[in-house]
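# Architecture at a glance
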Amino acid sequence: MLPGTVGLMQATEALKLILGKGRSLIGRLILFDALKMNFKNLKLEKDPNCELCGIKPTITELIDYEAFCNVPMPGAGQNDDFDEEEYSIEPAELAEVLNSGRDVVLVDVREQSEWDICYIEKAQLMPLSEFEEHIPSLNPDDEIYLYCYKGMRSMKALRQLEDEGFTKLRNLTGGIDRWAEEIDSDMPRY
Amino acid sequence: MALTNEEINRYTRHLTLPEIGMEGQLKFKESKILLIGAGGLGSPLGMYLGAAGIGKLGIVDFDVVDNSNLQRQIAHSVADIGRPKVESIKETILAGNPNVEVEIYNVRLTRDNILALFEQYDVIVDGSDNFETRYLVNDAAYFTKKPLVYGSIFRFEGQITVFHPNHEGPCYRCLYSNPPPANLVPS
(Lines give C-alpha, C1' and ligand atoms only; values in the text may rest on other atoms or scores of the structure.)
Protein backbone atom coordinates (compact mmCIF):
# COMPACT_ATOMS: atom_id res chain seq x y z
CA MET A 1 0.00 0.00 0.00
CA LEU A 2 2.62 2.51 1.13
CA PRO A 3 4.51 2.77 -2.20
CA GLY A 4 1.22 3.68 -3.87
CA THR A 5 0.53 6.48 -1.39
CA VAL A 6 4.06 7.89 -1.58
CA GLY A 7 4.37 7.45 -5.36
CA LEU A 8 1.12 9.34 -5.95
CA MET A 9 2.19 12.21 -3.70
CA GLN A 10 5.36 12.40 -5.81
CA ALA A 11 3.30 12.32 -9.02
CA THR A 12 1.14 15.17 -7.69
CA GLU A 13 4.24 17.25 -6.90
CA ALA A 14 5.72 16.57 -10.35
CA LEU A 15 2.53 17.81 -12.05
CA LYS A 16 2.45 20.94 -9.85
CA LEU A 17 6.05 21.74 -10.83
CA ILE A 18 5.08 21.49 -14.51
CA LEU A 19 1.94 23.52 -13.97
CA GLY A 20 3.63 26.16 -11.80
CA LYS A 21 0.54 26.29 -9.58
CA GLY A 22 -0.16 25.71 -5.91
CA ARG A 23 2.41 25.36 -3.16
CA SER A 24 5.15 22.84 -3.83
CA LEU A 25 6.96 20.72 -1.26
CA ILE A 26 10.19 22.64 -1.77
CA GLY A 27 11.49 23.35 1.75
CA ARG A 28 9.00 20.97 3.37
CA LEU A 29 9.19 17.27 4.19
CA ILE A 30 6.08 15.15 4.56
CA LEU A 31 6.48 12.25 6.98
CA PHE A 32 3.66 9.78 6.52
CA ASP A 33 3.01 7.01 9.03
CA ALA A 34 0.64 4.50 7.47
CA LEU A 35 0.09 2.51 10.68
CA LYS A 36 -1.02 5.59 12.60
CA MET A 37 -2.42 7.24 9.45
CA ASN A 38 -0.61 10.38 10.45
CA PHE A 39 1.05 13.10 8.35
CA LYS A 40 3.75 15.39 9.68
CA ASN A 41 4.79 18.45 7.74
CA LEU A 42 8.35 19.52 8.62
CA LYS A 43 10.05 22.70 7.52
CA LEU A 44 13.40 22.06 5.83
CA GLU A 45 16.20 24.58 5.81
CA LYS A 46 19.07 24.77 3.41
CA ASP A 47 22.34 23.85 5.18
CA PRO A 48 24.85 26.67 4.52
CA ASN A 49 27.62 24.12 5.15
CA CYS A 50 26.22 21.61 2.67
CA GLU A 51 29.07 20.03 0.74
CA LEU A 52 27.07 20.23 -2.49
CA CYS A 53 24.84 23.32 -2.43
CA GLY A 54 26.31 25.26 0.51
CA ILE A 55 28.41 28.40 0.53
CA LYS A 56 31.72 26.59 0.14
CA PRO A 57 30.95 23.39 -1.74
CA THR A 58 33.54 20.61 -1.74
CA ILE A 59 31.63 18.38 -4.14
CA THR A 60 31.93 20.10 -7.49
CA GLU A 61 31.47 17.08 -9.74
CA LEU A 62 30.00 13.60 -9.49
CA ILE A 63 31.92 11.32 -7.13
CA ASP A 64 32.39 7.57 -6.56
CA TYR A 65 29.02 6.77 -4.93
CA GLU A 66 29.77 3.13 -4.29
CA ALA A 67 32.77 4.06 -2.18
CA PHE A 68 30.87 6.92 -0.53
CA CYS A 69 28.02 4.64 0.59
CA ASN A 70 30.04 1.60 1.59
CA VAL A 71 31.79 3.04 4.60
CA PRO A 72 31.26 0.60 7.46
CA MET A 73 30.53 1.68 11.03
CA PRO A 74 33.73 2.38 12.96
CA GLY A 75 34.86 -0.69 14.89
CA ALA A 76 32.43 -2.94 13.05
CA GLY A 77 35.21 -5.42 12.52
CA GLN A 78 35.57 -5.19 8.76
CA ASN A 79 39.31 -4.86 9.03
CA ASP A 80 40.16 -7.20 11.88
CA ASP A 81 41.76 -10.60 11.35
CA PHE A 82 38.67 -12.67 12.17
CA ASP A 83 38.51 -15.41 9.54
CA GLU A 84 34.83 -15.81 8.68
CA GLU A 85 35.63 -18.52 6.13
CA GLU A 86 36.97 -20.75 8.87
CA TYR A 87 33.57 -20.74 10.61
CA SER A 88 31.46 -21.23 7.48
CA ILE A 89 29.60 -24.36 6.48
CA GLU A 90 27.96 -25.16 3.14
CA PRO A 91 24.28 -26.22 3.06
CA ALA A 92 25.14 -29.77 1.92
CA GLU A 93 27.62 -30.20 4.77
CA LEU A 94 25.08 -28.99 7.33
CA ALA A 95 22.47 -31.37 5.90
CA GLU A 96 24.92 -34.23 6.46
CA VAL A 97 25.55 -33.16 10.05
CA LEU A 98 21.81 -32.92 10.80
CA ASN A 99 21.09 -36.28 9.16
CA SER A 100 23.93 -37.99 11.01
CA GLY A 101 21.90 -37.94 14.22
CA ARG A 102 24.79 -36.30 16.04
CA ASP A 103 23.81 -34.22 19.05
CA VAL A 104 24.19 -30.68 17.76
CA VAL A 105 22.47 -27.34 18.38
CA LEU A 106 20.93 -25.45 15.48
CA VAL A 107 20.19 -21.77 16.11
CA ASP A 108 18.04 -19.52 13.92
CA VAL A 109 18.81 -15.85 14.60
CA ARG A 110 16.13 -14.36 12.32
CA GLU A 111 13.10 -12.55 13.74
CA GLN A 112 9.80 -14.22 14.69
CA SER A 113 8.02 -12.97 11.53
CA GLU A 114 10.62 -14.71 9.37
CA TRP A 115 10.50 -17.89 11.47
CA ASP A 116 6.73 -17.96 10.85
CA ILE A 117 7.41 -18.23 7.10
CA CYS A 118 9.82 -21.15 7.33
CA TYR A 119 12.56 -22.71 9.47
CA ILE A 120 14.92 -25.63 9.38
CA GLU A 121 13.68 -28.66 11.34
CA LYS A 122 15.36 -29.00 14.78
CA ALA A 123 16.26 -25.29 14.93
CA GLN A 124 15.70 -23.04 17.94
CA LEU A 125 14.71 -19.39 17.44
CA MET A 126 17.03 -16.85 19.06
CA PRO A 127 16.51 -13.53 17.20
CA LEU A 128 19.62 -11.41 16.80
CA SER A 129 17.70 -8.43 18.27
CA GLU A 130 17.62 -10.21 21.64
CA PHE A 131 20.51 -12.60 21.14
CA GLU A 132 22.41 -11.63 24.28
CA GLU A 133 19.52 -12.80 26.45
CA HIS A 134 19.76 -16.24 24.83
CA ILE A 135 23.50 -16.74 25.23
CA PRO A 136 23.26 -18.13 28.81
CA SER A 137 20.99 -20.92 27.53
CA LEU A 138 23.74 -22.16 25.20
CA ASN A 139 26.49 -24.55 26.27
CA PRO A 140 30.07 -23.90 25.07
CA ASP A 141 30.65 -27.66 24.94
CA ASP A 142 27.99 -28.12 22.25
CA GLU A 143 28.53 -27.99 18.53
CA ILE A 144 26.52 -24.93 17.54
CA TYR A 145 25.33 -24.22 13.99
CA LEU A 146 23.85 -20.81 13.24
CA TYR A 147 21.81 -19.49 10.34
CA CYS A 148 19.73 -16.48 9.29
CA TYR A 149 18.26 -15.38 5.96
CA LYS A 150 21.48 -14.86 3.98
CA GLY A 151 24.24 -15.52 6.51
CA MET A 152 25.12 -11.98 7.62
CA ARG A 153 23.20 -11.73 10.90
CA SER A 154 24.14 -15.23 12.00
CA MET A 155 27.81 -14.34 11.47
CA LYS A 156 27.31 -11.42 13.87
CA ALA A 157 25.75 -13.79 16.42
CA LEU A 158 28.61 -16.23 15.89
CA ARG A 159 31.13 -13.51 16.65
CA GLN A 160 29.27 -12.64 19.85
CA LEU A 161 29.51 -16.28 20.91
CA GLU A 162 33.16 -16.42 19.93
CA ASP A 163 33.77 -13.38 22.17
CA GLU A 164 32.10 -15.31 25.01
CA GLY A 165 34.59 -18.16 24.59
CA PHE A 166 32.54 -20.53 22.42
CA THR A 167 34.69 -22.47 19.94
CA LYS A 168 32.59 -25.15 18.24
CA LEU A 169 30.73 -22.72 15.98
CA ARG A 170 29.70 -22.82 12.33
CA ASN A 171 27.69 -20.39 10.21
CA LEU A 172 25.48 -21.57 7.33
CA THR A 173 26.76 -19.91 4.16
CA GLY A 174 23.96 -18.24 2.22
CA GLY A 175 21.51 -18.73 5.09
CA ILE A 176 18.10 -20.36 4.86
CA ASP A 177 17.66 -18.85 1.40
CA ARG A 178 20.40 -21.09 -0.03
CA TRP A 179 19.18 -23.97 2.11
CA ALA A 180 15.77 -23.66 0.43
CA GLU A 181 17.43 -23.48 -2.97
CA GLU A 182 19.81 -26.41 -2.57
CA ILE A 183 18.49 -28.72 0.14
CA ASP A 184 14.76 -28.28 0.73
CA SER A 185 12.87 -27.42 -2.44
CA ASP A 186 9.52 -27.52 -0.59
CA MET A 187 10.53 -24.63 1.63
CA PRO A 188 8.95 -21.25 0.71
CA ARG A 189 11.42 -18.54 -0.29
CA TYR A 190 10.93 -14.90 0.56
CA MET B 1 1.30 22.37 -30.05
CA ALA B 2 -2.38 21.58 -29.74
CA LEU B 3 -4.55 18.82 -28.37
CA THR B 4 -6.33 16.43 -30.72
CA ASN B 5 -10.07 15.97 -30.37
CA GLU B 6 -9.43 12.61 -28.74
CA GLU B 7 -7.13 14.25 -26.21
CA ILE B 8 -9.62 17.05 -25.48
CA ASN B 9 -12.20 14.41 -24.75
CA ARG B 10 -9.78 12.29 -22.68
CA TYR B 11 -8.62 15.20 -20.50
CA THR B 12 -12.05 16.79 -19.99
CA ARG B 13 -11.80 16.59 -16.19
CA HIS B 14 -8.51 18.54 -16.31
CA LEU B 15 -9.68 21.02 -18.93
CA THR B 16 -12.67 22.07 -16.89
CA LEU B 17 -10.55 22.86 -13.83
CA PRO B 18 -9.55 26.54 -14.03
CA GLU B 19 -6.18 25.79 -12.33
CA ILE B 20 -5.28 23.43 -15.21
CA GLY B 21 -7.47 24.19 -18.26
CA MET B 22 -6.17 24.07 -21.82
CA GLU B 23 -3.05 26.02 -20.86
CA GLY B 24 -2.09 23.57 -18.13
CA GLN B 25 -2.88 20.48 -20.18
CA LEU B 26 -0.64 21.79 -22.98
CA LYS B 27 2.11 22.30 -20.41
CA PHE B 28 1.71 18.64 -19.43
CA LYS B 29 1.90 17.61 -23.08
CA GLU B 30 5.06 19.64 -23.65
CA SER B 31 6.77 18.36 -20.50
CA LYS B 32 9.29 15.59 -20.04
CA ILE B 33 9.56 13.75 -16.74
CA LEU B 34 12.23 11.18 -15.87
CA LEU B 35 11.38 8.42 -13.40
CA ILE B 36 14.20 6.69 -11.56
CA GLY B 37 12.94 3.18 -10.90
CA ALA B 38 10.01 1.14 -12.20
CA GLY B 39 9.21 -0.60 -8.92
CA GLY B 40 6.95 0.22 -5.99
CA LEU B 41 7.08 4.00 -6.41
CA GLY B 42 7.68 3.93 -10.17
CA SER B 43 4.52 1.91 -10.83
CA PRO B 44 1.94 4.44 -9.60
CA LEU B 45 4.13 7.31 -10.82
CA GLY B 46 4.31 5.98 -14.36
CA MET B 47 0.70 4.93 -14.55
CA TYR B 48 -0.79 8.18 -13.20
CA LEU B 49 1.61 10.58 -14.93
CA GLY B 50 1.01 8.69 -18.16
CA ALA B 51 -2.75 8.82 -17.74
CA ALA B 52 -2.58 12.54 -16.87
CA GLY B 53 -1.06 13.32 -20.27
CA ILE B 54 2.62 14.04 -19.68
CA GLY B 55 4.20 14.36 -23.13
CA LYS B 56 7.27 12.27 -22.53
CA LEU B 57 8.06 9.87 -19.71
CA GLY B 58 11.58 8.49 -19.36
CA ILE B 59 11.97 5.46 -17.10
CA VAL B 60 15.27 4.05 -15.84
CA ASP B 61 15.55 0.59 -14.28
CA PHE B 62 17.78 -2.41 -14.93
CA ASP B 63 15.88 -4.98 -12.86
CA VAL B 64 13.54 -7.74 -14.04
CA VAL B 65 10.08 -8.51 -12.67
CA ASP B 66 9.99 -11.08 -9.87
CA ASN B 67 6.98 -12.81 -8.34
CA SER B 68 7.68 -11.11 -5.00
CA ASN B 69 7.38 -7.66 -6.67
CA LEU B 70 3.73 -8.10 -7.60
CA GLN B 71 2.36 -7.41 -4.09
CA ARG B 72 3.12 -3.69 -4.59
CA GLN B 73 4.57 -3.01 -8.04
CA ILE B 74 1.23 -2.77 -9.75
CA ALA B 75 2.48 -1.84 -13.21
CA HIS B 76 3.65 -5.46 -13.63
CA SER B 77 1.64 -8.64 -14.02
CA VAL B 78 2.18 -12.39 -13.68
CA ALA B 79 2.91 -12.64 -17.41
CA ASP B 80 5.76 -10.12 -16.97
CA ILE B 81 7.80 -12.22 -14.51
CA GLY B 82 11.35 -12.41 -15.83
CA ARG B 83 10.93 -9.45 -18.21
CA PRO B 84 12.76 -6.15 -17.78
CA LYS B 85 10.63 -3.86 -15.61
CA VAL B 86 10.99 -0.95 -18.03
CA GLU B 87 9.42 -2.98 -20.84
CA SER B 88 6.58 -4.13 -18.67
CA ILE B 89 5.75 -0.66 -17.31
CA LYS B 90 5.97 0.89 -20.78
CA GLU B 91 3.27 -1.51 -22.03
CA THR B 92 1.07 -0.78 -19.04
CA ILE B 93 1.35 3.00 -19.53
CA LEU B 94 0.72 2.87 -23.27
CA ALA B 95 -2.25 0.54 -22.81
CA GLY B 96 -3.87 3.32 -20.77
CA ASN B 97 -2.72 6.27 -22.84
CA PRO B 98 -1.09 5.80 -26.25
CA ASN B 99 -0.57 9.58 -26.56
CA VAL B 100 2.41 9.44 -24.21
CA GLU B 101 5.93 8.96 -25.48
CA VAL B 102 7.62 6.43 -23.18
CA GLU B 103 11.40 6.23 -23.45
CA ILE B 104 12.94 3.37 -21.49
CA TYR B 105 16.49 2.94 -20.25
CA ASN B 106 17.31 -0.62 -19.19
CA VAL B 107 20.59 0.43 -17.59
CA ARG B 108 22.14 1.06 -14.20
CA LEU B 109 22.53 4.80 -13.55
CA THR B 110 26.17 5.77 -13.15
CA ARG B 111 28.10 8.99 -12.90
CA ASP B 112 29.07 8.45 -16.55
CA ASN B 113 25.57 8.29 -18.04
CA ILE B 114 23.38 10.31 -15.65
CA LEU B 115 24.11 13.93 -16.61
CA ALA B 116 23.39 13.48 -20.32
CA LEU B 117 20.17 11.73 -19.39
CA PHE B 118 18.97 14.40 -16.94
CA GLU B 119 19.65 17.16 -19.49
CA GLN B 120 16.84 15.76 -21.65
CA TYR B 121 14.14 16.14 -18.98
CA ASP B 122 12.33 18.92 -17.09
CA VAL B 123 11.64 17.15 -13.80
CA ILE B 124 13.37 14.19 -12.14
CA VAL B 125 11.41 11.85 -9.86
CA ASP B 126 13.39 9.55 -7.59
CA GLY B 127 11.75 6.19 -6.94
CA SER B 128 14.99 4.38 -6.18
CA ASP B 129 15.57 2.11 -3.23
CA ASN B 130 19.22 2.56 -2.25
CA PHE B 131 21.51 5.26 -0.91
CA GLU B 132 24.06 5.12 -3.72
CA THR B 133 21.41 6.02 -6.28
CA ARG B 134 19.83 8.69 -4.05
CA TYR B 135 23.10 10.59 -3.63
CA LEU B 136 23.97 10.16 -7.30
CA VAL B 137 20.53 11.42 -8.38
CA ASN B 138 20.62 14.32 -5.90
CA ASP B 139 24.03 15.52 -7.08
CA ALA B 140 23.23 15.09 -10.76
CA ALA B 141 19.93 16.99 -10.37
CA TYR B 142 21.85 19.83 -8.72
CA PHE B 143 24.53 19.96 -11.42
CA THR B 144 21.90 19.93 -14.19
CA LYS B 145 19.65 22.38 -12.25
CA LYS B 146 16.60 20.11 -12.40
CA PRO B 147 13.92 19.92 -9.70
CA LEU B 148 13.95 16.54 -7.96
CA VAL B 149 10.82 15.00 -6.48
CA TYR B 150 12.00 12.76 -3.67
CA GLY B 151 10.15 9.83 -2.11
CA SER B 152 11.29 6.97 0.09
CA ILE B 153 9.70 4.33 2.22
CA PHE B 154 10.77 2.20 5.13
CA ARG B 155 8.43 -0.31 6.73
CA PHE B 156 5.25 1.71 7.39
CA GLU B 157 6.69 5.18 6.93
CA GLY B 158 7.09 7.36 3.89
CA GLN B 159 9.01 10.58 3.22
CA ILE B 160 8.18 12.97 0.41
CA THR B 161 9.69 16.32 -0.55
CA VAL B 162 10.95 18.34 -3.51
CA PHE B 163 14.58 19.39 -3.84
CA HIS B 164 15.38 22.36 -6.06
CA PRO B 165 18.44 23.94 -4.41
CA ASN B 166 19.37 25.95 -7.52
CA HIS B 167 16.04 27.74 -7.07
CA GLU B 168 15.38 27.62 -3.32
CA GLY B 169 15.38 25.20 -0.38
CA PRO B 170 17.70 22.36 0.55
CA CYS B 171 19.07 19.31 -1.26
CA TYR B 172 19.19 15.73 -0.04
CA ARG B 173 22.68 16.28 1.37
CA CYS B 174 21.41 19.18 3.52
CA LEU B 175 19.18 16.60 5.24
CA TYR B 176 21.51 13.63 5.19
CA SER B 177 25.11 14.69 4.72
CA ASN B 178 26.31 11.10 4.94
CA PRO B 179 24.75 7.69 4.27
CA PRO B 180 24.19 5.38 7.24
CA PRO B 181 27.05 2.93 7.88
CA ALA B 182 26.88 0.20 5.23
CA ASN B 183 26.45 -2.57 7.78
CA LEU B 184 23.38 -0.87 9.28
CA VAL B 185 21.50 -0.49 6.00
CA PRO B 186 18.51 -2.84 5.98
CA SER B 187 18.42 -5.09 2.94
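Values in this document were obtained by computation on a predicted structure and should not be read as measured data. (Residues numbered from 1 in each chain as written. Chains lettered and ligands numbered in written order. Predicted model: local features only at pLDDT ≥ 70, side-chain atom pairs only at ≥ 80, totals over all residues. Heavy atoms only, no water.)

### Some remarks on the interface of chain B and chain A
- Contact residues are listed per partner, giving 62 residues for chain B and 51 residues for chain A.
- Counting across the interface, chain B meets chain A through zero salt bridges.
- Our count for the chain B to chain A interface comes out at twelve residue pairs in polar contact (both at pLDDT 80 or more).
- When contributions to the side of chain B that touches chain A are tallied by element, the ones reaching two or more residues are helix H3 (21–30), helix H4 (42–52), helix H6 (114–119), strand S4 (123–126), helix H7 (131–143), strand S5 (148–154), strand S6 (157–163) and helix H8 (172–175) of chain B.
- For the side of chain B that touches chain A, the leading source of residues is H7(B), giving nine residues.
- In terms of residue class, the side of chain B that touches chain A is built from 36 nonpolar, 15 polar and eleven charged.
- Relative to S6(B), strand S1 (residues 28–33) of chain A is paired through five bridges, and the arrangement is antiparallel. Paired with A:Asp33 across the bridge in S6(B) is B:Glu157. (Contact = heavy atoms within 4.5 Å. Salt bridge = Lys/Arg side-chain N within 4 Å of Asp/Glu carboxyl O. Polar contact = N/O pair within 3.5 Å; in protein donor to acceptor, adjacent residues only side chain to side chain. Helix = DSSP H or I, 4+ residues; strand = E, 2+ residues; numbered from the N terminus. Nonpolar A, V, L, I, M, F, W, Y, C, P; charged D, E, K, R; others polar. Pairing = 2+ DSSP bridges.)

### As for the confidence of the model for chain B
- When pLDDT is averaged across chain B, the result is 96; 97% of the residues are at 70 or more.
- Confidence estimates for the predicted assembly give a pTM of 0.83 and an ipTM of 0.97. (pLDDT = per-residue confidence, 0-100.)

### Things to note about the sheet that holds strand S6 (residues 144–147) of chain A
All names here are of chain A.
- Spatially, the five strands line up as an open sheet ordered S3-S7-S6-S4-S5, and their pairing is parallel. At either margin of the open sheet sits one strand with a lone partner, and together these are strand S3 (88–89) and strand S5 (123–125).
- In this sheet, S6 lies alongside strand S4 (residues 105–108) in parallel orientation, the contact comprising four bridges. Along S6, the bridge assignment pairs Leu106 with Tyr145.
- Packing of helix H6 (residues 152–163) onto the sheet brings it into contact with S3, S6 and strand S7 (169–172), and relative to S7 it is tilted by some 175°. (Axes fitted to C-alpha atoms, helices over the stretch in contact; angles between N-to-C directions.)

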